[in-house]
Amino acid sequence: MRRLIPLIVLMAWLSMNSYSQAQEQNGLRVYSYLTPTFLDPVLEAFEAETGVRVSTEYMTANQLLDRLVAEKENPQADIVFTMEAMRLAKLVDADVLANVAIDELTAAIPQHFRHPDGLWFGLSKWTRTVFYAKDRVDPKTLKSLQDLTDPEWKGRICVRPSNKIYVQTLLAALIAREGEQAARSFVKGLVFNFARAPIDLDLVQIEGVADGICDLAIANSYYYGRLLRQARDPDVERTLEAVGIHFLNQDTHGAHMNISGFAMIKGAPNPGAAKALMRYMVQPAVQRLYADASMDHPILPELKPHSDLRSFGAFVEDDQPIDELGQYYELAERISREEGWLWK
């Protein structure tokens, strides 16, 4: 009986927010950079519950941007899903997103996780933070990013190359919060403390801590959740026993946040169906379905994350507006290159 309640609520919501399917003869077309394993169940549920046919094309982030620009005069899709603040900023700069005003979205999604002009909306969130060796590091000594520049950590930190988009957003947020000189000081000090030349993939950084190559690493929080989900694997169990996750800036402005998001494409052929899907994405049951699969945190502040994520504790989030970071990416790249953080 308990399983029927969310369905009853959802059907009532769909009835209140119905639209003429006669006007949406072509169904709904979605372009996405998100992982199919995470997004497909949501879109399949939407299709089953509304009767709207959904076709989805997955592509790389660069392919997605190029496709939207190429189709700008004759849009072929209605909704776009992508992950990461910088990618959302690139879509805004390309002028391929529609201005959407939907009361349900502005009421549900915190202001700093949506574009002020309704060009995009947050779907889920995570933090890029510190992972540490439990037997070699007291995490209480790490209060902020700048603490990673202390000479105490020389030869003890693993990171990705600085051209990785998550790195650039972290630096853009630091510039927005503390200014260019603070960002330069951070990059210079961090480079001094590298345990090895930066190599790709966040999981490789976490494994580097478990293997004793480094004592600290910077990575996205959802990777720890995904490891917890595989805890029965002996190698994963060893990593979890050795490595902890730690949240920064808890006594000040809160942990740096990043998001996945969705938007309606400018000139979408099926705007009614597109808006219905957008409303659908902020329903609590749908948020839970997506976030529990991806091990992100739901964008809705009232929803708790997956129980595995709750196991390592709540943390204070930064409420820095994501849309304001776009103006700092060029400077973040320049600082990375000039201060010696490997770019490839």
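Residues numbered from 1 in each chain as written. Predicted model: local features only at pLDDT ≥ 70, side-chain atom pairs only at ≥ 80, totals over all residues. Heavy atoms only, no water.

### Quick word on the overall build of the protein
1) Next: Each helix and strand in the protein was counted, giving 14 helices and nine strands.
2) Next: Each principal axis of the C-alpha atoms in the protein carries an extent, and together these give about 65 × 50 × 30 Å.
3) Next: Taken over 344 residues, the protein has a buried fraction of 54%.
4) Next: Residue pairs in contact within the protein that sit at least 24 positions apart in sequence constitute 78% of those at least 6 positions apart.
5) Next: Total accessible area on the protein stands at roughly 15,300 Å², and carbon and sulfur atoms take up 50% of it.
6) Next: Treating the 36 positive side-chain charges of the protein as one cloud and the 46 negative ones as another, the clouds have centres 2 Å apart. (Helix = DSSP H or I, 4+ residues; strand = E, 2+ residues; numbered from the N terminus. Buried < 20%, exposed > 50% of the residue type's maximum accessible area, 1.4 Å probe, protein only. Contact = heavy atoms within 4.5 Å. Areas by Shrake-Rupley, 256 points an atom, 1.4 Å probe, with all protein chains shown as cover. Lys, Arg positive; Asp, Glu negative; His and termini not counted. Charge placed at Lys NZ, Arg CZ, Asp CG, Glu CD.)

### Comments concerning the state of the cysteines
By definition, a disulfide links two cysteine residues through a covalent bond between their sulfur atoms.
1) Next: Taken as a whole and judged by the stated rule, the model has one disulfide.
2) Next: Each sulfur in the disulfide pair Cys158 and Cys214 lies 2.2 Å from the other. Where Cys158 bonds to Cys214 through sulfur, the torsion about that S-S bond is close to -110°, and the disulfide is left-handed. In this pair, Cys158 sits in strand β5 (residues 157-158) while Cys214 sits in the loop between α8 (202-210) and β6 (216-220), placing the two residues 56 residues apart along the sequence. There is no split in this pair, since Cys158 and Cys214 are both buried. (Disulfide = S-S within 2.5 Å.)

### Things to note about the packing of aromatic side chains
In this description, a pair of aromatic rings is defined by centroid distance and the angle of the planes.
1) Next: Applying the stated criterion across every chain, the model contains twelve aromatic pairs.
2) Next: Judged by centre distance (5.2 Å) and plane angle (65°), the rings of Phe46 and Tyr280 are edge-to-face. Placement of Phe46 in helix α2 (residues 36-50) and of Tyr280 in helix α11 (residues 271-280) is noted, with a sequence separation of 234 residues between them. In terms of burial, Phe46 and Tyr280 fall into one category: buried.
3) Next: For the ring pair Phe194 and Trp341, a centre distance of 6.1 Å and an interplane angle of 70° mean the geometry is edge-to-face. Here Phe194 is found in the loop between α7 (180-192) and α8, whereas its partner Trp341 is found in the segment after α14 (329-338), with 147 residues between them in sequence.
4) Next: With a relative accessible area of 14%, Phe194 lands in the buried category. (Phe/Tyr/Trp six-rings, centres within 6.5 Å; stacked < 30°, edge-to-face > 60°.)

### Some points on the pattern of salt bridges
1) Next: Across all of its chains, the model carries 22 salt bridges by this definition.
2) Next: Note that Asp200 and Lys164 form a salt bridge whose closest N and O atoms lie 3.1 Å from each other. Here the residue Asp200 occupies a position in the loop between α7 and α8, and Lys164 occupies one in the loop between β5 and α6 (165-178), the gap between them amounting to 36 residues.
3) Next: Look at Lys164 and you get partly exposed, because its relative accessible area is 21%. (Salt bridge = Lys/Arg side-chain N within 4 Å of Asp/Glu carboxyl O.)

### Here's the deal with the environment of Pro41
1) Next: Relative to the helices and strands, Pro41 is located in helix α2.
2) Next: On the accessibility criterion, Pro41 (31% relative accessible area) is partly exposed.
3) Next: Taking C-alpha positions, Pro41 is 7.9 Å from Tyr290, a pair spaced 249 residues apart along the chain.
4) Next: Contacts of Pro41, omitting those with residues within four sequence positions, involve Pro36 and Leu289.

### Side note on the pairing of strand β8 (residues 257-264)
1) Next: Burial analysis of β8 places eight of its eight residues in the buried class, the great majority of the element.
2) Next: By the alternation rule, side chains of β8 split into Met257, Ile259, Gly261 and Ala263 and Asn258, Ser260, Phe262 and Met264, which are all buried.
3) Next: Taken together, the five bridges between strand β3 (residues 79-83) and β8 define a ladder with antiparallel strand orientation. Note on β8: the bridge partner recorded for Thr82 is Gly261.
4) Next: Relative to β8, strand β4 (residues 121-133) runs antiparallel, the two sharing six bridges. Paired with Phe121 across the bridge in β8 is Phe262. (Pairing = 2+ DSSP bridges.)

### Digging into the packing of α2 against α11
1) Next: Running from N to C, α2 and α11 point in directions that differ by 120°, and their axes come no closer than 11 Å. On the basis of the axis angle, α2 is oblique to α11. For the pair α2 and α11, the crossing hand works out as right-handed. Contacts from Val42, Leu43, Ala45, Phe46 and Glu49 of α2 reach α11 at Ala273, Ala276, Leu277 and Tyr280.
2) Next: Looking at the contact of α2 with α11 residue by residue, the class counts come to eight nonpolar, no polar and one charged. (Axes fitted to C-alpha atoms, helices over the stretch in contact; angles between N-to-C directions. Parallel < 35°, antiparallel > 145°, perpendicular 65-115°, else oblique. Left-handed = near helix turned anticlockwise from the far one by under 90°. Nonpolar A, V, L, I, M, F, W, Y, C, P; charged D, E, K, R; others polar.)

### Description of the pairing of β4
1) Next: The element β4 is largely enclosed, with a buried count of 13 among its 13 residues.
2) Next: The pairing of β4 with β6 spans five bridges and is classified as antiparallel. Bridging from a neighbouring strand, Phe131 pairs with Ala217 of β6.
3) Next: Note: β4 against strand β7 (residues 243-246), four bridges, orientation antiparallel. In the sheet register, Ala133 faces β7, and the bridge partner there is Val243.

### Topic: the packing of α2 against helix α12 (residues 284-294)
1) Next: The N-to-C vectors of α2 and α12 enclose an angle of 160°; their axes lie 8 Å apart at closest approach. Our classification of the angle between α2 and α12 gives roughly antiparallel. Here α2 runs over α12; the crossing is right-handed. Taking contact as the criterion, the partners of Phe38, Leu39, Pro41 and Val42 in α2 are, on α12, Val286, Leu289, Tyr290, Ala293 and Ser294.
2) Next: The residue makeup of the contact of α2 with α12, split by class, is eight nonpolar, one polar and no charged.

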